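# Commentary on secondary and tertiary structure
Here is what each chain is made of, one letter per residue.
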Amino acid sequence: MSKEQFDKIVNHAKVQGFVYPGSEIYGGLANSWDFGPLGVEMKNNIKKAWWKRFVSECKYNVGLDSSIILNPKVWEASGHVATFSDPLIDCKYCKSRYRADKLIEEYDSSIKASQMSNEELEHFIQENVVCPKCGHKDYTTIRNFQLMFKTSIGVVEDQKSQAYLRPETAQGIFINFKNVARTTRKKIPFGVAQIGKAFRNEITPGNFIFRIREFEQMEMEFFCKPGSDSQWYDFWKNYCIQFLYDLGIKKDNLKFVEYAPTELAHYAKATSDILYNFPFSDEFEELWGIANRTDYDLSKHQSFSNENLTYLDSETNERYIPYVIEPSVGVERLMLALLCDSYDEEVINEKDTRVVMHLHPSIAPYVAAVLPLSKNLSGQANEIYDMLAKEFHVDYDETASIGKRYRREDAIGTPYCITIDFDTINDHCVTIRDRDTMKQERINIDDIVSFLREKIKL
Ligand code: ATP
């Protein structure tokens, strides 16, 4: 896939109502997006599928919904206040501003600039990299730019009331470790999963909804006994990739990258990313991060809060701070991967192409569309619609020719079109058309619900 293909997908998503540019009637707000009627359904389906897989179906895990604004000490303990920043450098000539590490990686993708100190970054840029905008080589020094959004609590905007919008949901889980362990009586190993908004004042947002400043994370912190962590790390890596395969993402578009010990964040013992072949880039890009965070976070919170965050193993009577495996993925980034992966312009014959999104039925905005062949059949069609709407999100359309209606549904990824025709009254049957094969089968109205239930299973 190419950059042009990506532009087509972005345009398609906008035109169909998956994603709208943010604050559009006020001239927009750069890199902010709103999710339209189809987008919100798709996002909800992604979250539902993840929750089902990581909480409901997984005997180890429970869920949590912690606050966005936490006691600011949380972010001191986690290291975010001191280190969650990007190195910025400005071109003195044209005033363009760059993330120094990205500027170097764009200049030479074989260099791992994120491992370099600010001095090294600055030196390399001054020596080698011309400004991509104006071609000059005259830069300012590097300044660190804090990525957390600041806000203030209460009416007085002084230092004391300063707080942050969370840049990740993980810390809300760590600070509730004791609460969850106590109230659920869960024994280690167990995981706590959470879905929620995170905010990062990204310097280089872009590529549609790939990197945005306000996004949702689906994170899980899995607490396990030190020594068993490597095994659980492998377990969750497999669990995550299997989830992506089950969603129907093409295997060729996914791969793992395991980071070398020298490339790891200070808190991690091991980290791997699941990368996806996003069409805007020549390289595969991060979709899902899986890290072995050791006992770093709980230890830090223990020392900053003076609360005992150790766990007493009732079988061995040992007390320890658990190790943590964290798989973390963005809802919008996964949505983008699914949009890219499922978009297809299928040649039917020399004169005819159809746009079709091969989304998994559990993810598609509508599971089915109810289409009466004629407006005279709308009474019966509405009855079927009402019956299905109790359990599924279904579309209803009685305008235009049936062929046009099929194409509309293909374009938004509706897996099944249910057509009510004049025989329906006599045989109590409808025709179900499969989006991908375009094959049609006749089934009894009483069987539609179980048919769809079976299809949306992951
Ligand atoms: P990057 O290095 O690309 O900035 P990261 O490694 O800091 O990302 P994590 O902190 O590991 O990202 O976040 C976990 C997941 O959250 C990512 O794999 C991605 O799916 C999602 N994510 C992170 N930042 C953003 C963002 N700005 N917009 C959308 N999704 C994001």
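Data block above holds the structure.
In this report, we go over the structure that sits alongside the text. It should be emphasised that the depicted structure is a prediction, and the values quoted were computed from it without experimental measurement.

### Considering the environment of Phe243
For Phe243, the location among the structural elements is in helix 9 (residues 229–246). Accessibility expressed as a relative area gives 0% for Phe243, which makes it buried. In this structure the C-alpha to C-alpha distance between Phe243 and Leu458, which are 215 residues apart in sequence, comes to 8.7 Å. Apart from residues no more than four positions distant in its own chain, Phe243 is found in contact with Ala49, Trp50, Arg53, Phe54, Trp288, Leu334 and Leu458.

### Structural notes on the site of the ligand
Around the ligand, 15 residues are found, and the nearest of them are Glu202, Arg211, Ile212, Glu286 and Leu287. In this structure, an oxygen atom belonging to the ligand sits 2.9 Å away from a main-chain N or O atom of Gly330. Its free accessible area being 610 Å², the ligand has 80% of it covered by the protein chains. Listed by contribution, the elements that provide at least two residues to the shell around the ligand are strand 10 (214–224), strand 13 (285–294) and strand 16 (323–330). Considering every element that reaches the shell around the ligand, the biggest residue donor is strand 13, with four residues. Of the residues in the shell around the ligand, the class split is six nonpolar, four polar and five charged.

### What about helix 13 (residues 402–411)?
The set of residues buried in helix 13 consists of Arg405, Tyr406, Glu409, Asp410 and Ala411. Just beyond helix 13, the residue with positive phi is Gly413, at close to 85°.

### So, the pairing of strand 13
A large share of strand 13 lies buried, amounting to eight of its 10 residues. Pairing geometry for strand 13 and strand 16, over six bridges, is antiparallel. Its bridge partner being in strand 16, Asn292 is matched across the sheet by Ile325.

### Describing helix 1 (residues 3–16)
Taking 1.5 Å as the rise per residue, helix 1 with 14 residues should run 20 Å; its terminal C-alpha atoms sit 20 Å apart, in good agreement. For helix 1, every residue scored as buried is listed here: Gln5, Phe6, Ile9, Val10, His12 and Ala13. For helix 1, the arc enclosing every buried residue in end-on projection is 160°, short of the 170-degree limit, so these residues lie on one face. Projecting away from the buried face of helix 1 at angles above 90 degrees are the exposed residues Glu4 and Val15. Contacts made by the buried residues of helix 1 are with strand 1 (19–21), helix 11 (331–342), strand 17 (343–349), strand 18 (352–357) and helix 13. With its phi angle positive at about 90°, Gly17 sits one or two positions after the end of helix 1.

### Brief notes about the sheet that holds strand 21 (residues 416–420)
Taken together, five strands build an open sheet; the order of strands is 20-19-21-22-23 and the sheet is mixed. Only two strands of the sheet have a single partner each, and these edge strands are strand 20 (394–396) and strand 23 (440–444). Neighbour-to-neighbour, the strand axes of the sheet open up by a mean angle of 25°, direction not taken into account. Examined bridge by bridge, strand 21 and strand 22 (residues 429–434) share four bridges and lie antiparallel to one another. In the sheet register, Thr419 faces strand 22, and the bridge partner there is Thr431. Against the sheet, helix 12 (residues 378–389) makes contact with strand 19 (368–372), strand 20, strand 21 and strand 22, and its axis sits at roughly 165° relative to strand 20, the strand it touches most. Its contacts with the sheet place helix 13 against strand 19, strand 20, strand 21, strand 22 and strand 23, and it is angled at close to 170° to strand 19.

The rules we used
Residues numbered from 1 in each chain as written. Predicted model: local features only at pLDDT ≥ 70, side-chain atom pairs only at ≥ 80, totals over all residues. Heavy atoms only, no water. Helix = DSSP H or I, 4+ residues; strand = E, 2+ residues; numbered from the N terminus. Buried < 20%, exposed > 50% of the residue type's maximum accessible area, 1.4 Å probe, protein only. Contact = heavy atoms within 4.5 Å. Near = heavy atom within 4 Å. Polar contact = N/O pair within 3.5 Å; in protein donor to acceptor, adjacent residues only side chain to side chain. Areas by Shrake-Rupley, 256 points an atom, 1.4 Å probe, with all protein chains shown as cover. Nonpolar A, V, L, I, M, F, W, Y, C, P; charged D, E, K, R; others polar. Pairing = 2+ DSSP bridges. Expected span 1.5 Å × (residues − 1). Arc of directions from axis to C-beta. Axes fitted to C-alpha atoms, helices over the stretch in contact; angles between N-to-C directions.

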